[in-house]
Amino acid sequence: MAIVKLEEIRNFIDISPASEMLLEKNEKEISFSVNFKTKDNEIVFCDAYVVYHNVVLGPAKGGIRMAPNVSLEETRRLAKIMTYKNALTELPFGGGKSGIKLPDNKDIDEFTRIAIFKEYVHMIREELVAGHYIPAPDFGTDQFDMAVIYGELHIPECVTGKPVKIGGLPGRLEATGRSVATSTKLYVNDIMKEDLKNIKIAIQGFGNVGRWTSYFLYKWGAKIIAVSDINGGIYNENGFDIEKLFKYAPTKDITISDYPEGEKITNKELLEMEIDVLIPCATESVINKENANNIKCKVIIEGANDPVTEEGDEILKNKGIEILPDFLCNSGGVIASYIEWRNAKSGNQTEKEDTFNEIDKKITKCFYKIKEMKEKLNITYRQTATILAVKFLIEAMHERRWI
Ligand code: NAD
């Protein structure tokens, strides 16, 4: 779902046929193969993609996804979400994304990973050196993979999400979770007129986004009563001590459903729980036509990209469950990437708290812009955020004389 169809917002904004074409058609798609040898001497061929959706605002920016279910179609959809995310937050980046489709059931050890990313750079070196595409971590990739990319290029601004010691940004690791948590806080305080400490929250996914979202919300007094990863979840009606849970599962490789201070639940039970705020932070399409009718929360804060399908979105709308869209809530990652890129070019350094402050400032500004327009137009948050992003893109396309 993520982005609403342009026909849904046509009553509120003038979109010429040329603008529509430029917003619907990808500017560039690169398909290639990343081939490598495993430690057992097996040769593996992986399909890989880079998609530039619309780069009117600047170079294509978006993370690298690495998983068995990666596809060109998914990479296209995610590149489009990046265009809207960058436009909504007014960053000087276009929408891009990259995907590496891993084979099923392959154990990828550290050395194989390094080989994958060296080969990835080799295949798209010109795009990266020219700064036309600037990767970052996404589902299935992390700061150490970005360090390998940097090691192959030695150009600091060519990749973001690097470890702090090699030019990464203090706070980049936590940045996406920070913006998801800030979006949650704004909604709870300003729309629900509640204090975070009176709110019951469930978070699906305990990887980069889920764990840092839970951390900040916990620190701000919220009760996180359920969390999960791909193997299942845990429930504690009194709320988890998230710092303790961090110590139990310092990386996403530890199965959190084995944590002793909670009752085991399934991901289905977590999503369908009677709670105030549901924050899906795992993967796409987890709320869909099969389960949307069973969702009982008051609001969904989209931490993951595209966690609600189009059919799911429609069902939730009819049930009166509001959704704050991904391209607002999880934009902390790209906001931090922008600061890292800016510092790499200028030589400036930023303290962690300043990273968080810059993210909070941008999210807060966007949240109130969306809120104000939504109240006037009486449409969904997703539709309103799309109008604001599309308006910004059309204006920029005018300025560049594309239209
Ligand atoms: P990650 O790989 O660090 O963690 C993913 C987590 O989700 C893990 O805990 C995993 O066990 C769990 N998971 C995976 N599939 C699941 C399923 N089917 N059901 C339940 N749990 C499942 O990934 P991440 O970086 O945290 O990204 C999560 C989502 O957030 C993705 O949609 C990604 O595109 C989006 N996102 C990430 C960033 C970022 O900076 N990392 C930025 C913006 C958006």
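Just so it is clear, the model here is predicted, and its values are computed rather than measured.

Draft legend 1. The arrangement of the overall build of the protein in detail. If you tally the helices and strands in the protein, you get 14 helices and 13 strands. Here the C-alpha radius of gyration of the protein, 20 Å, is about what a compact globule of 403 residues would show, namely 22 Å. Along the three orthogonal principal directions, the C-alpha set of the protein runs to about 55 × 50 × 40 Å. Expressed as a percentage of the 403 residues in the protein, the buried residues total 49%. Pairs at least 24 apart in sequence give 69% of the contacts found in the protein among residues at least 6 apart.

Draft legend 2. Focus on the site of the ligand. Taken together, 25 residues form the shell around the ligand, and within it G205, G207, D229, A304 and G333 come nearest. Every element with two or more residues in the shell around the ligand is listed here: helix 7 (208–219) and strand 8 (223–229). Counting residues per element, the shell around the ligand draws most heavily on helix 7, at three residues. The residue makeup of the shell around the ligand, split by class, is eight nonpolar, 14 polar and three charged. Each of two domains, domain 1 (24–170) and domain 2 (173–328), supplies a minimum of three residues to the shell around the ligand.

Draft legend 3. Inspection of the pairing of strand 11 (residues 277–280) at higher detail. Neither face of strand 11 is open: one carries V277 and I279, the other L278 and P280, and all of them are buried. As defined by bridge partners, strand 7 (residues 200–204) adjoins strand 11 across four bridges and the pair is classed as parallel. When the sheet's bridge partners are listed, A202 is paired in strand 11 with L278.

Draft legend 4. Quick peek at the environment of S98. Here S98 shows up in strand 5 (residues 94–101). Separated by 64 residues in the primary sequence, S98 and K162 have C-alpha atoms spaced 17 Å apart. Once you skip the residues sitting within four places of it in the chain, S98 turns out to touch Y49, V50, G62, I64, T75 and P135.

Draft legend 5. Highlighting the domain arrangement of the protein. Here the protein is described as being made up of domain 1 (24–170), domain 2 (173–328) and domain 3 (373–403). Residue-level contacts link seven residues of domain 1 with 10 residues of domain 3. When the residues that make up the side of domain 1 that touches domain 3 are grouped by side-chain class, the tally is five nonpolar, one polar and one charged.

Draft legend 6. Region of interest: the environment of E119. Position of E119 relative to the elements: it lies in helix 4 (residues 110–129). By the C-beta count within 10 Å, which is 18 here, E119 ends up partly exposed. Sequence separation between E119 and R400 is 281 residues, and the spatial gap between their C-alpha atoms is 35 Å. Setting aside anything within four residues of it in sequence, one finds E119 in contact with V34, N35 and F36.

Draft legend 7. Region of interest: the packing of helix 13 (residues 352–377) against helix 14 (residues 381–399). Look at helix 13 against helix 14: their axes get within 9 Å of each other, and the N-to-C directions meet at 115°. The angle between the axes of helix 13 and helix 14 places the two elements in the roughly perpendicular class. Crossing of helix 13 against helix 14: the hand is right-handed. Two secondary-structure elements touch here, helix 13 through K369, I370, M373, K374 and L377 and helix 14 through Y381, T384, A385, I387 and L388. Looking at the contact of helix 13 with helix 14, its residues break down into seven nonpolar, one polar and two charged.

Draft legend 8. Broad picture of the environment of M146. Turning to its location among the elements, M146 is positioned in helix 5 (residues 143–153). Each C-alpha atom of the pair M146 and I15 lies 38 Å from the other, and the pair is 131 residues apart in sequence.

Draft legend 9. Representation of the nonpolar core within the structure. I100, I201, I224, V277, I301 and L328 are the most contacted members of the largest nonpolar core, which totals 116 residues. If near-sequence neighbours (up to four positions away) are discounted, I301 is found in contact with V180, S183, T184, Y187, V277, I279, L324 and C329.

Draft legend 10. Just the sheet that holds strand 9 (residues 232–235), in detail. Read across the open sheet, the seven strands follow the order 10-9-8-7-11-12-13; overall the sheet is mixed. A strand with exactly one partner marks an edge of an open sheet, and here the two such strands are strand 10 (263–265) and strand 13 (322–324). Ignoring strand direction, the axes of neighbouring strands in this sheet form an average angle of 20°.

Draft legend 11. Examining the packing of helix 12 (residues 332–346) against helix 13 more closely. For the pair helix 12 and helix 13, the least separation of the axes is 10 Å and the interaxial angle reads 125°. Here helix 12 is positioned oblique relative to helix 13, judged by the angle of their axes. By crossing handedness, the relation of helix 12 to helix 13 is classed as right-handed. In this structure, helix 12 uses G332, I335, A336 and I339 to contact helix 13, whose residues at the interface are T355, E358, I359, K362 and I363. Grouping the amino acids of the contact of helix 12 with helix 13 by side-chain chemistry returns five nonpolar, two polar and two charged.

Draft legend 12. Helix 13, seen in detail. For helix 13, spanning 26 residues, the distance from its first C-alpha to its last is 38 Å, which sits close to the expected 38 Å at 1.5 Å a residue. Just beyond helix 13, the residue with positive phi is N378, at close to 55°.

Draft legend 13. How the structure looks around the pairing of strand 9. Sheet topology note: the strand 8/strand 9 ladder contains four bridges and is antiparallel. For A226, the partnering residue across the bridge sits in strand 9 and is Y235. In sequence, strand 8 turns back onto strand 9 through a hairpin of two residues. Where strand 9 lies against strand 10, three bridges are found, and the strand directions are antiparallel. Following the sheet pairing, G233 is matched in strand 10 by I265.

Calculation criteria
Residues numbered from 1 in each chain as written. Predicted model: local features only at pLDDT ≥ 70, side-chain atom pairs only at ≥ 80, totals over all residues. Helix = DSSP H or I, 4+ residues; strand = E, 2+ residues; numbered from the N terminus. Rg over C-alpha atoms; globule rule 2.2 N^0.38 Å. Buried ≥ 20, exposed ≤ 12 C-beta atoms within 10 Å, placed from the backbone. Contact = placed C-beta atoms within 7 Å. Near = placed C-beta within 6 Å. Nonpolar A, V, L, I, M, F, W, Y, C, P; charged D, E, K, R; others polar. Domains from an automatic or database assignment. Pairing = 2+ DSSP bridges. Axes fitted to C-alpha atoms, helices over the stretch in contact; angles between N-to-C directions. Parallel < 35°, antiparallel > 145°, perpendicular 65-115°, else oblique. Left-handed = near helix turned anticlockwise from the far one by under 90°. Core = buried A, V, L, I, M, F, W, Y, C linked by C-beta atoms within 7 Å. Expected span 1.5 Å × (residues − 1).

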